Amino acid sequence: MMKHLAKTAAALTFTVAAITGCSQEEPPVVITADPVTERELESGTVVGFVEANGAHVWRALPYAADTSGENRWRAPQPVSAWERTREAITFGPACAQIATPFTQLDGWVDGTLQGSEDCLTVDVYAPPGEAAGRPVMVWIHGGSNVSGASQLYQGHRLAVNEDVIVVSVQYRLGPLGFFALPDCDENDPCAANFALLDLIAALDWVKRHAEVFGGDPENVTIFGESAGGHNVAGLLVSPLAEGLYDRAILQSGLMDSFAVPDAKGATGEALNNSGDVIDRLGGADRLRTATVDEVFAAYQLRDGMWLELPRMIADGVTIPNTSLKEAMGQSGPSQSVPVITGTNKDEMKLFLAFDDTLVKTTLGVFRSARDQDFYDAASEYSARMWRLNAVHGVADSLIAAGNTKVYAYQFDWDEGGSFLFTDFAELFGAAHAFEIPFVFNRFQLLGQGDPILFTKKTEASREELSRAMGAYWASFARSDIPAAPGQAAWPSYGENSSTIIFDSTRDQGIVTRSAPDSLQSIVSDLQADPRLDADERCAMFQLLVNIEALEAPEIPASCSL
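Values in this document were obtained by computation on a predicted structure and should not be read as measured data. (Residues numbered from 1 in each chain as written. Predicted model: local features only at pLDDT ≥ 70, side-chain atom pairs only at ≥ 80, totals over all residues. Heavy atoms only, no water.)

## Regarding the overall build of the protein chain
When helices and strands are tallied, the protein chain shows 17 helices and 24 strands. Relative to the compact-globule value of 24 Å for 561 residues, the protein chain shows a C-alpha radius of gyration of 23 Å, a close match. In terms of overall dimensions, the protein chain has a C-alpha envelope of 70 × 55 × 50 Å along the principal axes. Buried positions account for 58% of the 561 residues belonging to the protein chain. Summarising the internal contacts of the protein chain: among those between residues at least 6 apart in sequence, 72% fall at separations of at least 24. (Helix = DSSP H or I, 4+ residues; strand = E, 2+ residues; numbered from the N terminus. Rg over C-alpha atoms; globule rule 2.2 N^0.38 Å. Buried < 20%, exposed > 50% of the residue type's maximum accessible area, 1.4 Å probe, protein only. Contact = heavy atoms within 4.5 Å.)

The following block contains the structure:
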């Protein structure tokens, strides 16, 4: 799906650029080390550079050692010290992954293995000046936990706009980040979520170095989107992460996890199935002697997409040996940490847009819904299922555990532009990941497709919404209470399922409302939806069942699918 999205966006933008000369890419900047950014870390001296907006930036600061060879599938090891001043002005290598069009890095070829096992670094963004005690916001990128890179999320604008320290983290991905080792079980557990161990090591590094960059080590907020939100959820219930952060924000997070036997392929068709992978490698003795190419080749891929997708494992070490939702409802770290959780109004449109049963293609490029009513209904009900688990499920579990500081949001901005036969507002709406540019105040998401998505017409209202969202996020990081000057007060979730809606002033603006939902109400609304006939209603039930959710509706007996 991502491949089709990037190709569609690129083709559309090439056509637009050829006609109008439009481009929203930031001009290249010559970066040189600036002595004003020299800092002393535990491992040695570093020097960064100053961004055009005044932010002080340090790239690729190592928080742990190379994870290849004997360090593979082990907890991250300490960094070796360096003697000379280290220039931190270029991004480090991304963690090993299969390249996708959404990870737009120079020289990468879609569907090929890229990146490195020596990748555990952070990028740090700080406002100028000598102020101390600023809130620290640690960003965890998404990408289904199999792709992504910290450099795709540059925090210099958020840092300066809101006077916070932003840290973007890289962590092991795919089979290197999530793997159930042999000879470990519930009676003798060992860690399986190496990505979480990386993030825990990064948070420990942040605690030890926050003051060096003007941050407060006792005021750290973790935030992440999609798989990043999933990992935030993992950290919320991880006993190993307790005390390393003070607040958490889940943006379109996920809540699934696999039991250790499932991860090893002992029962059913598990997505991890590390037992089969070990067999394909030639046995457990090759776990750390095999090349990274051989490790990835041991997984089944189709056109560069994962068929066996590594996922979070309830290993009893990094997270409890129960489901994430159950763990959220138990006493532990999540009980006292203030939490924001939210989703986007049209989450699934990012994926439905490339379902050929729902969307037609004109001239090989321009995509549009075959039946807009059915397409919108599919988006609505699937997004409600996502929200039921990622917002209501999370919030209800946290509140049941005694957490009184839980906040919910929904992102509704759906004002993408159009060109010829494709209307981004209808095709994508407020799709998955579309809130990220607003939080970071940096309108880069689809690469060459950005001039169509983010038009000049919406520039002023987008900037206003973006600055408000950044203020809410930073206020929460600063004081537990999300607020923005001149904007609606954000009530806690509470008994009324209170939710803030983020939209531009061209539409409804930023408003709050009570937004309860349940599986029963989703099913009831679906059964009575006038947009759908009987066959379409049955197809919709099947779609919802296929969504990876903690609870899903039963397909009615009248549907013979």
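## Quick notes on the pairing of strand 18 (residues 359-362)
Note: strand 18 against strand 19 (residues 366-369), four bridges, orientation antiparallel. Paired with Val359 across the bridge in strand 19 is Ala369. (Pairing = 2+ DSSP bridges.)

## Quick notes on the pattern of salt bridges
Side chains bearing opposite charge may pair, as long as their charged atoms lie close to each other. This structure, assessed with the given rule, holds 22 salt bridges. In this structure, the salt-bridge partner of Arg134 is Asp163, at a minimum N-O distance of 2.6 Å. With Arg134 in strand 9 (residues 134-140) and Asp163 in the loop between helix 2 (156-162) and strand 10 (165-169), this residue pair connects regions lying 29 residues apart in the sequence. Residue class for Arg134 comes out buried when judged on its relative accessible area of 6%. (Salt bridge = Lys/Arg side-chain N within 4 Å of Asp/Glu carboxyl O.)

## Quick notes on the state of the cysteines
According to the stated counting rule, one finds three disulfides in the structure shown. The disulfide partner of Cys538 is Cys559, and the S-S distance across this bridge is 2.0 Å. Between Cys538 and Cys559, the S-S torsion sits near -80°, and that sign places the bridge as left-handed. Residue Cys538 is located in helix 17 (residues 534-546), and its partner Cys559 is located in the segment after helix 17; the two are separated by 21 residues in the primary sequence. (Disulfide = S-S within 2.5 Å.)

## A look at the nonpolar core
Counting residues in hydrophobic clusters, the biggest one holds 77 residues, and the most contacted among them are Phe223, Phe411, Phe428, Tyr472, Trp473, Trp490 and Phe502. Every residue in contact with Phe411, bar those within four places of it in the chain, is listed here: Thr343, Asn344, Lys345, Ala430, Phe434, Glu435, Phe438, Leu465, Met469 and Phe502. Membership of the second largest hydrophobic core comes to 62 residues, among which are Ala64, Cys95, Val167 and Ala408. (Core = buried A, V, L, I, M, F, W, Y, C linked by side-chain atoms within 4.5 Å.)

## Concerning the confidence of the model for the protein chain
Of all residues in the protein chain, 91% have pLDDT values of 70 or greater, and the mean over the chain is 89. Overall, residues 1-25 carries pLDDT values under 50, and its contacts beyond four positions in sequence, including any with other chains, amount to 47 contacts. With pLDDT under 50 throughout, residues 267-271 is counted as low confidence; its partners more than four residues away or in other chains account for ten contacts. (pLDDT = per-residue confidence, 0-100.)

## Considering the packing of helix 11 (residues 372-400) against helix 16 (residues 519-528)
It is at 10 Å that the axes of helix 11 and helix 16 come closest, and there the two elements cross at 175°. As judged from the angle between their axes, helix 11 and helix 16 are roughly antiparallel. Within the contact between the two elements, helix 11 uses Tyr381, Arg384, Met385 and Leu388 and helix 16 uses Leu519, Ser521, Ile522, Asp525 and Leu526. In terms of residue class, the contact of helix 11 with helix 16 is built from six nonpolar, one polar and two charged. (Axes fitted to C-alpha atoms, helices over the stretch in contact; angles between N-to-C directions. Parallel < 35°, antiparallel > 145°, perpendicular 65-115°, else oblique. Nonpolar A, V, L, I, M, F, W, Y, C, P; charged D, E, K, R; others polar.)

## Thoughts on the side chain of Arg59
You can see Arg59 is positioned in strand 4 (residues 56-62). Put simply, Arg59 is tucked away with no salt bridge, and the nearest opposite charge, on Glu51, sits 4.4 Å away. Apart from residues no more than four positions distant in its own chain, Arg59 is found in contact with Ile31, Phe49, Glu51, Ala88, Ile89, Thr90, Phe91, Val122, Asp123 and Gln154. (Lys, Arg positive; Asp, Glu negative; His and termini not counted.)

## A word on the packing of aromatic side chains
Ring pairs (aromatic) are described by centroid distance and by the angle formed between their planes. Tallied over the entire structure, the rule returns 28 aromatic pairs. An angle of 75° between the planes, with centres 6.1 Å apart, marks the rings of Tyr407 and Trp490 as edge-to-face. Of the two residues, Tyr407 is situated in strand 20 (residues 406-411) and Trp490 in the loop between helix 15 (459-479) and strand 23 (498-502); the sequence distance between them amounts to 83 residues. By the burial criterion, Tyr407 is buried, and Trp490 matches it. Through a chain of ring-to-ring contacts, the aromatic side chains of Tyr407, Tyr409, Tyr472, Trp473, Phe476, Trp490 and Phe502 assemble into a single cluster. Over the ring of Trp73 we find Arg72; its NZ or CZ atom is 5.8 Å from the centre of that ring. The ring of Phe443 carries the charged tip of Arg462 above its face, separated from the ring centre by 4.5 Å. (Phe/Tyr/Trp six-rings, centres within 6.5 Å; stacked < 30°, edge-to-face > 60°. Lys NZ or Arg CZ within 6 Å of the ring centre and 35° of its normal.)

## A few points about the pairing of strand 23
In the case of a regular strand, side chains alternate between the two sheet surfaces. When you tally the buried positions in strand 23, you get five out of five residues, the bulk of the element. Neither face of strand 23 is open: one carries Ser498, Ile500 and Phe502, the other Thr499 and Ile501, and all of them are buried. Bridging between strand 20 and strand 23 involves three bridges; their strand directions are parallel. Across the sheet, Phe411 pairs through a bridge with Phe502, a residue of strand 23. Pairing between strand 23 and strand 24 (residues 511-514): four bridges, direction antiparallel.

## So, the sheet that holds strand 1 (residues 39-41)
One open sheet holds the three strands; their spatial order is 1-2-5, and the pairing between them is mixed. Both edges of this open sheet fall to strand 1 and strand 5 (86-87), since each of them pairs with a single strand only. Note that strand 1 and strand 2 (residues 44-47) share three bridges and pair antiparallel. Bridging from a neighbouring strand, Leu41 pairs with Gly44 of strand 2.

## Points about a negative patch on the surface
Residues Asp183, Asp185, Glu186 and Asp188 make up a contiguous surface patch of negative charge. Inspection of the secondary structure puts Asp183 in the loop between helix 3 (174-177) and helix 4 (194-209). (Patch = residues over 30% accessible without salt bridge, like charges linked within 9 Å, V, L, I, M, F, W, Y side chains within 5 Å. Areas by Shrake-Rupley, 256 points an atom, 1.4 Å probe, with all protein chains shown as cover. Charge placed at Lys NZ, Arg CZ, Asp CG, Glu CD.)

## Observations regarding the sheet that holds strand 23
Across the sheet, eleven strands lie side by side as 3-4-8-10-9-11-12-17-20-23-24; this open sheet has mixed pairing. Edge positions in the sheet fall to strand 3 (49-50) and strand 24, since each has one partner strand and no second. The strands touched by helix 4 are strand 4, strand 8 (121-126), strand 9, strand 10 and strand 11 (215-225); relative to strand 11, the strand with the most contacts, the crossing angle is about 150°. With respect to the sheet, helix 15 is in contact with strand 9, strand 11, strand 12 (247-251), strand 17 (339-344), strand 20 and strand 23, its orientation differing from that of strand 12 by roughly 145°.

## Observations concerning the packing of helix 16 against helix 17
At a minimum axis separation of 9 Å, helix 16 and helix 17 run at an interaxial angle of 155°. Judged by the angle between their axes, helix 16 and helix 17 are roughly antiparallel. Regarding helix 16 and helix 17, the two cross each other, and that crossing is right-handed. In this structure, helix 16 contributes Ile522, Val523, Leu526, Gln527 and Ala528 to the contact, and helix 17 contributes Arg537, Met540, Phe541 and Leu544. When the residues that make up the contact of helix 16 with helix 17 are grouped by side-chain class, the tally is seven nonpolar, one polar and one charged. (Left-handed = near helix turned anticlockwise from the far one by under 90°.)

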